[in-house]
Amino acid sequence: MDQAWKFHSVLDTKFPEEGLVPTLHDCVAEDLHVEDGKLIFDFPGGFRLLPQDEKNPYNQVCGTSASRVSMELFSHSPEDDLTICLLKRHRFFSGFGFTTAKEINVNTLIKKIHSKKWKLEFLCKYTQSLSAMYHCIIYTKRSHMDCWIEIDYTRIDYYWNEVLEEKLE
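Residues numbered from 1 in each chain as written. Predicted model: local features only at pLDDT ≥ 70, side-chain atom pairs only at ≥ 80, totals over all residues. Heavy atoms only, no water.

*Asks:* Please explain the pairing of strand 9 (residues 97-104) as it appears in this structure.
*Replies:* Regular strands place their side chains on alternate faces of the sheet. With eight bridges joining them, strand 8 (residues 82-91) and strand 9 adopt antiparallel strand pairing. Across the sheet, His90 pairs through a bridge with Phe98, a residue of strand 9. Between strand 8 and strand 9, which pair antiparallel in sequence order, lie five residues; one of them, Gly95, sits at a positive phi of approximately 95 degrees. (Pairing = 2+ DSSP bridges. Helix = DSSP H or I, 4+ residues; strand = E, 2+ residues; numbered from the N terminus.)

Right, here's the structure in full:
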């Protein structure tokens, strides 16, 4: 970690309860990198704390200052522990269309985010044991596409410095 963080929450096998850790719903990751077997997302706009989070003093859904999420990969290998799938909808003038799916590797996602060609917004998370599937939207300069990120992890660490009092929906 290259920065000192004031607050820290952990999701691992000893602390499996959702709602007691921040949520990434509607949060945009503007940086992403892999370091020491961890997938690390930076959120300049922060993430959300739910009312039941013990680090949330306001008893309502609140945002945070700039934040980071570090996901320790199960086998410490993005090739083994990470699947990223892009879904693109194609429509014809008649309204009929089809969807194509394309799997990409993490380096492609990192390159596109770093070049500012893509923005990655998290919508929802589905979990089972030590696996999470995130439904995201990737915004490009002209359009957007659905993205599914499946991660096998041993632990997820959430870092932030301030809880913002304004209520978020």
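*Asks:* Help me understand the side chain of His135 in this model?
*Replies:* By the secondary structure assignment, His135 is in strand 11 (residues 131-139). You can call His135 buried: its relative accessible area is 16%. A polar atom in the side chain of His135 sits 2.8 Å from the side chain of Asp146. The contact partners of His135, leaving out residues within four places of it in the chain, are Phe122, Leu123, Cys124, Asp146, Cys147 and Trp148. (Buried < 20%, exposed > 50% of the residue type's maximum accessible area, 1.4 Å probe, protein only. Polar contact = N/O pair within 3.5 Å; in protein donor to acceptor, adjacent residues only side chain to side chain. Contact = heavy atoms within 4.5 Å.)

*Asks:* So what exactly am I meant to see when it comes to unusual backbone geometry here?
*Replies:* Glycine aside, a negative phi is what most residues show, and trans is what most peptide bonds show. At Asp26, a position not held by glycine, the phi torsion is positive, near 65 degrees. Inspection of the secondary structure puts Asp26 in the loop between strand 1 (7-12) and strand 2 (27-29). Under the relative-accessibility criterion, Asp26 is labelled partly exposed at 34%. Of note in this structure, His76 is not a glycine but carries a positive phi near 65 degrees. Among the structural elements, His76 can be located in the loop between strand 7 (67-73) and helix 1 (78-81). You can call His76 partly exposed: its relative accessible area is 44%.

*Asks:* Would you explain the nonpolar core in this entry?
*Replies:* Generally speaking, soluble globular proteins have nonpolar side chains that are buried together. In this structure, Tyr134 and Ile149 are the most contacted members of the largest nonpolar core, which totals 39 residues. For this core, the elements supplying multiple residues, two or more each, are strand 2, strand 4 (38-43), strand 7, strand 8, helix 2 (106-114), strand 10 (119-128), strand 11 and strand 12 (144-160). Counting residues per element, this core draws most heavily on strand 12, at eight residues. Leave out the neighbours within four places in its chain, and Tyr134 touches Leu24, Met71, Phe122, Cys124, Lys125, Cys147, Trp148, Ile149, Ile151 and Ile156. (Core = buried A, V, L, I, M, F, W, Y, C linked by side-chain atoms within 4.5 Å.)

*Asks:* Is there a simple way to explain the packing of aromatic side chains in this structure?
*Replies:* Aromatic rings considered in pairs are described by the distance between their centres and by the relative angle of their planes. For the structure on display, the rule yields 10 aromatic pairs. A ring pair is formed by Phe47 and Tyr158, whose centres lie 5.9 Å apart and whose planes are at 90 degrees; its orientation type is edge-to-face. You can see Phe47 sitting in the loop between strand 4 and strand 5 (48-49) and its partner Tyr158 sitting in strand 12, a full 111 residues away along the chain. Relative accessible area serves as the criterion here: at 1%, Tyr158 is assigned to the buried category. With 5.3 Å between their ring centres and 90 degrees between their planes, Phe122 and Tyr134 make a pair best called edge-to-face. Taken as a pair, Phe122 in strand 10 and Tyr134 in strand 11 lie far apart in primary sequence, 12 residues in all. The same class applies to Phe122 and to Tyr134, which are both buried. Through a chain of ring-to-ring contacts, three or more aromatic side chains come together here, namely Phe7, Phe47, Tyr158 and Trp160. (Phe/Tyr/Trp six-rings, centres within 6.5 Å; stacked < 30°, edge-to-face > 60°.)

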